[in-house]
Amino acid sequence: MTDTPYSVLFLCTGNSARSIIGEALLNRDGKGRFKAWSAGSHPKGEVHPFTLDLLKSIGIDTGFAQSKSWDEFAEPGAPEFDFIFTVCDTAANETCPIWPGHPMTAHWGIPDPAAAQGTDAEKHLAFAEAARQLGTRISLLLSLPMASLDRMTLKTRLDAIGQTQD
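Quantities reported herein were computed from a predicted structural model and do not represent experimental measurements.

Attention now goes to the overall build of the chain. Helix and strand counts for the chain stand at 5 helices and 4 strands. Taking 166 residues into account, the globule formula puts the C-alpha radius of gyration at 15 Å, and the chain, at 15 Å, falls close to it. A burial count over the chain gives 46% of its 166 residues as buried. Entry remark: accessible area of the chain is about 8,300 Å², with carbon and sulfur atoms responsible for 52%. Once the 14 positive and 20 negative side-chain charges of the chain are each reduced to a mean point, those two points are 4 Å apart.

Moving on: unusual backbone geometry. Non-glycine residue Asn15 carries a positive phi angle of around 50 degrees. Looking at the element boundaries, Asn15 is found in the loop between strand E1 (6-12) and helix H1 (18-29). Note on Asn15: relative accessible area 1%, which makes it buried.

Take the environment of Leu158 next. Position of Leu158 among the secondary structure elements: in helix H5 (residues 151-162). Using a relative accessible area of 0% as the deciding quantity, one classes Leu158 as buried. Excluding anything up to four places from it in sequence, Leu158 contacts Phe83, Phe85, Met104, Ala106, Trp108, Leu141 and Leu144.

The geometry of a pair of packed helices is captured by two quantities: the angle between their axes and the separation between those axes. Where H1 contacts helix H4 (residues 120-143), the axes come no closer than 9 Å and their chain directions differ by 45 degrees. Regarding the angle of H1 to H4, the classification is oblique. H1 and H4 meet at a crossing whose hand is right-handed. Within the contact between the two elements, H1 uses Arg18, Ile21, Gly22, Leu25, Leu26 and Asp29 and H4 uses Phe127, Ala131, Leu134, Gly135, Ile138, Leu141 and Leu142.

Tracing the backbone through its elements, the reader meets Asp29 in helix H1. Taking the C-alpha atoms as reference points, Asp29 and His107, separated by 78 residues in sequence, lie 20 Å from one another. Those residues in contact with Asp29 that sit more than four places away from it in its chain are Ile138 and Leu142. A polar contact is formed between the side chain of Asp29 and the side chain of Arg28, at a distance of 2.6 Å.

Before going further, it helps to examine the nonpolar core. Counting residues in hydrophobic clusters, the biggest one holds 39 residues, and the most contacted among them are Phe83, Trp108, Leu141 and Leu158. Contributing elements (two or more residues each) for this core: E1, H1, strand E2 (34-40), helix H2 (49-57), strand E3 (83-86), strand E4 (104-107), H4 and H5. The greatest single-element share of this core, amounting to 7 residues, is contributed by H4. The contacts of Phe83, once residues within four sequence positions are left out, are Tyr6, Ser7, Val8, Leu9, Phe34, Pro103, Met104, Met146, Leu154 and Leu158. Residues Leu9, Leu11, Ala39 and Phe81 belong to the second largest nonpolar core, which totals 8 residues.

To continue, consider H1. Given a rise of 1.5 Å per residue, 12 residues ought to cover 16 Å, and the 16 Å separating the end C-alpha atoms of H1 matches this to within 8%. Taken together, the buried positions of H1 are occupied by Arg18, Ser19, Ile20, Ile21, Gly22, Glu23, Ala24, Leu25 and Leu26. Where H1 is buried, its residues meet E1, E2, H2 and H4.

Basis of the calculations
- Residues numbered from 1 in each chain as written.
- Predicted model: local features only at pLDDT ≥ 70, side-chain atom pairs only at ≥ 80, totals over all residues.
- Heavy atoms only, no water.
- Helix = DSSP H or I, 4+ residues; strand = E, 2+ residues; numbered from the N terminus.
- Rg over C-alpha atoms; globule rule 2.2 N^0.38 Å.
- Buried < 20%, exposed > 50% of the residue type's maximum accessible area, 1.4 Å probe, protein only.
- Areas by Shrake-Rupley, 256 points an atom, 1.4 Å probe, with all protein chains shown as cover.
- Lys, Arg positive; Asp, Glu negative; His and termini not counted.
- Charge placed at Lys NZ, Arg CZ, Asp CG, Glu CD.
- Contact = heavy atoms within 4.5 Å.
- Axes fitted to C-alpha atoms, helices over the stretch in contact; angles between N-to-C directions.
- Parallel < 35°, antiparallel > 145°, perpendicular 65-115°, else oblique.
- Left-handed = near helix turned anticlockwise from the far one by under 90°.
- Polar contact = N/O pair within 3.5 Å; in protein donor to acceptor, adjacent residues only side chain to side chain.
- Core = buried A, V, L, I, M, F, W, Y, C linked by side-chain atoms within 4.5 Å.
- Expected span 1.5 Å × (residues − 1).

Structure representation (structure tokens):
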């Protein structure tokens, strides 16, 4: 185990829901071992209000939450990432910037809660489900014996986490 926390970037297209939730959960649950950020290829410019409601309901301060472009993480002086996880299918298929340090990538697709239809209660439930799925995947990430895995095995495990049917 390294003394420096692993750096993680969660990517999505709009950076208003799933990637923000992933950032928040990993920073909470992986504190000291991981530091997470999030960004979008075409950021909405604001975090979805239901994302903020969800995070507040689970005791996470939302002061960090802002919708931002992945371009700011490809500039000089930006954090160098160990891992990049795409959480929406659109971002997984886009041409990403060349990231310094050549981080390990994996696709952890989660259905878009912002696209949920129905009552506000049903929409809130979609956000809770996205958080549950991300929480499960983050828990699996945190349980990996990082220091004892070679790069290829780690990549295989990260990809498998993204295929988790929970």
